[in-house]
Structure formats: C-alpha cells, structure tokens
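In case you want the letters, here they are:
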Amino acid sequence: MEQSTKLGSNKTGIDMSPIHSKQMLEGIERFPLTDTDTFFARQTLKQTLSEDAGSLGSIPLPATVKGVGKSILKTVTGHRPEMFINKLGERLAYERSGVRVYEALILKCQFMAANGMAENEIDISRLKQFRNQEAEHMELLVDILHTLGADATAQTPDADAIGVAASGLMKVVTDPRTTIAQCLEAMLTLELADNAAWDLLIKLADDMGHSDMVEKFQTALRQEDVHLLVVQQWHEKIVRSQASLIS
Ligand SMILES: [Fe+2]
C-alpha cells in the first residue's frame, strides 16, 4: 500500500537543529517584530492593491445584437446577462480543467498499477466515466453559450480566476511524487467546488427565467453529486486504511 505518511529524514521543522533554533529564538527576542514592521508589510500590500492593475479582463457580450443575441438581451430584462455569461464561461473553464485533471489522474493510476506502485484502490473505469461526464458538461455549456449568442471560446474574468485556482489542483495530480491519496484530496477540492458552482448556476438560470437550462443543469449536478460522493469515499477509505495499524 502507498504511504503518504512514511517516517523519514524531514528537515523542515525547527527541532531538526536545536543550536540554530535556539539562536533564532534569541534573535526574535533581540529583534522583536515591531508595529512599524507590520505597518510596512501592510503598506506594501496596500500599495500593490492600489496600483492600477486593471481587472482580469472583460465579459464578452454577443458579438452582434442580431438574432439570438438580441433575443437573450430581451428575455433578461431586469437582469445582467453579462454576469450570467461570465459564470457560464467560468463553469466551462472549470469543466475543461476537470477533464484534464481526471485525465492526468487516470494516467497516474494506470502507471502506478502497472508498476506495482500502489494497490488498485480506485476503479479506473469509474474515473473515465467521470472524465467523460465532465467533457459532456463542457459541451453542454458551449451549446448554451451559443444559444445565448455568446462566444464560447472567449475567456471571461471568472473563467480566468477559476482557471488559476484549478491549476494548483493540476500541479498536485501531475507531480510524480504525490500519492493517490494526495491526488484524491485535490479531486475532492475540485468536486466540492464543482458541486457548489453548478448549484449556483441553476439558481442563476432560474433567476433569468431559463427553465430549459435549469433542467439541463440539474442533470449535470446529479452527476456531480455522484462524482463528489465516490471521490470522497475513495479518499476516506485510503486515508483510514493508511492510518490503521491493522492494514
Ligand atoms: Fe465533477
């Protein structure tokens, strides 16, 4: 069984070097952090935040106000269609990331199983099913954006932000040193956020009066519910067995 918690020569803690840690603690006493230091740290942050960094981009409205573009703008009177497009773009970016992260995990599991590096803890065919469903969700969002007259290839501001967040999860899974349990922890983060975001998207579609979309999004959320449940069970099973002396 793979171990995320094997004992080894970890040198990151203060206890590894009693002499240096004693000197460091003496240094802290001699040169205590003053209010001025924290003030300057805050000032630096404030300065960074106040710099004219602009925004993460803009929300693309339909390229033309003809045809479907016009109809969507009409149907959402009283609402901000650009915010809906922003969130649809975000979901599209996250589902795309989901496909890639699942793909990476499938390859990792196959490699580890083939090389006897880990017990076959998780069902790879199930992983493939989840990856395919994430791809279907992506296609659904592309269709919806086209229906609204929006450009599905445009990166919206929230798509940009969530893409950066998902890149951290991808790093965990593609790091050759990470265990399946550590990867599943990242997948759990991915699926928890995925779940909450679909829930929000359903509410937004409902607010905008798009009952047809609500139904389609609810189908996607039901599939996401299964992803979350199964990933959580796999993760729990592996971690608990690693923590158990019996195994
Ligand atoms: Fe999912």
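Calculation rules
Residues numbered from 1 in each chain as written. Predicted model: local features only at pLDDT ≥ 70, side-chain atom pairs only at ≥ 80, totals over all residues. Heavy atoms only, no water. Axes fitted to C-alpha atoms, helices over the stretch in contact; angles between N-to-C directions. Helix = DSSP H or I, 4+ residues; strand = E, 2+ residues; numbered from the N terminus. Parallel < 35°, antiparallel > 145°, perpendicular 65-115°, else oblique. Left-handed = near helix turned anticlockwise from the far one by under 90°. Patch = residues over 30% accessible without salt bridge, like charges linked within 9 Å, V, L, I, M, F, W, Y side chains within 5 Å. Areas by Shrake-Rupley, 256 points an atom, 1.4 Å probe, with all protein chains shown as cover. Salt bridge = Lys/Arg side-chain N within 4 Å of Asp/Glu carboxyl O. Donors = N, O, S within 2.8 Å, 3.2 Å for Na, K, Ca; no water. Buried < 20%, exposed > 50% of the residue type's maximum accessible area, 1.4 Å probe, protein only. Core = buried A, V, L, I, M, F, W, Y, C linked by side-chain atoms within 4.5 Å. Contact = heavy atoms within 4.5 Å.

1. What about the packing of helix H4 (residues 81-114) against helix H7 (residues 180-207)?
Think of two packed helices as two axes; the pair is described by the angle between the axes and how far apart they sit.
For step 1, the next point in the chain: Following both chains from N to C, one finds H4 and H7 inclined at 155°, their axes separated by 10 Å at the closest point. Taken as axis vectors, H4 and H7 run roughly antiparallel relative to one another. Regarding H4 and H7, the two cross each other, and that crossing is left-handed.

2. Here's the deal with a nonpolar patch on the surface
For step 1, the next point in the chain: Residues Ile 14, Met 24, Leu 25 and Ile 28 make up a contiguous nonpolar surface patch of about 380 Å² in total accessible area.
For step 2, the next point in the chain: Along the polypeptide, Leu 25 turns up in helix H1 (residues 18-30).

3. What to know about the coordination of the iron ion
For step 1, the next point in the chain: For the iron ion, the full set of protein donor atoms is Glu 134 (OE), Glu 191 (OE), Glu 191 (OE), Glu 224 (OE) and His 227 (ND1), and the range of their distances to it is 1.9 to 2.7 Å.
For step 2, the next point in the chain: Sequence spacing of the donors to the iron ion: E-x56-E-x32-E-x2-H. Of this pair, Glu 134 sits in helix H5 (residues 124-147) while Glu 224 sits in helix H8 (residues 211-243), and the two are 90 residues apart along the sequence. Accessibility classification places Glu 134 together with Glu 224 in one group, the buried group.

4. Examining the nonpolar core
For step 1, the next point in the chain: Leu 105, Leu 127, Val 173, Leu 184, Met 187 and Trp 234 are the most contacted members of the largest nonpolar core, which totals 31 residues.
For step 2, the next point in the chain: Sorting the residues of this core by element identifies H4, H5, helix H6 (157-174), H7 and H8 as the ones contributing at least two each.
For step 3, the next point in the chain: The element best represented in this core is H4, accounting for nine residues.
For step 4, the next point in the chain: Other than its neighbours up to four places away in sequence, Val 173 contacts Val 101, Ala 104, Leu 105, Lys 108, Thr 178, Cys 183, Ala 186 and Met 187.

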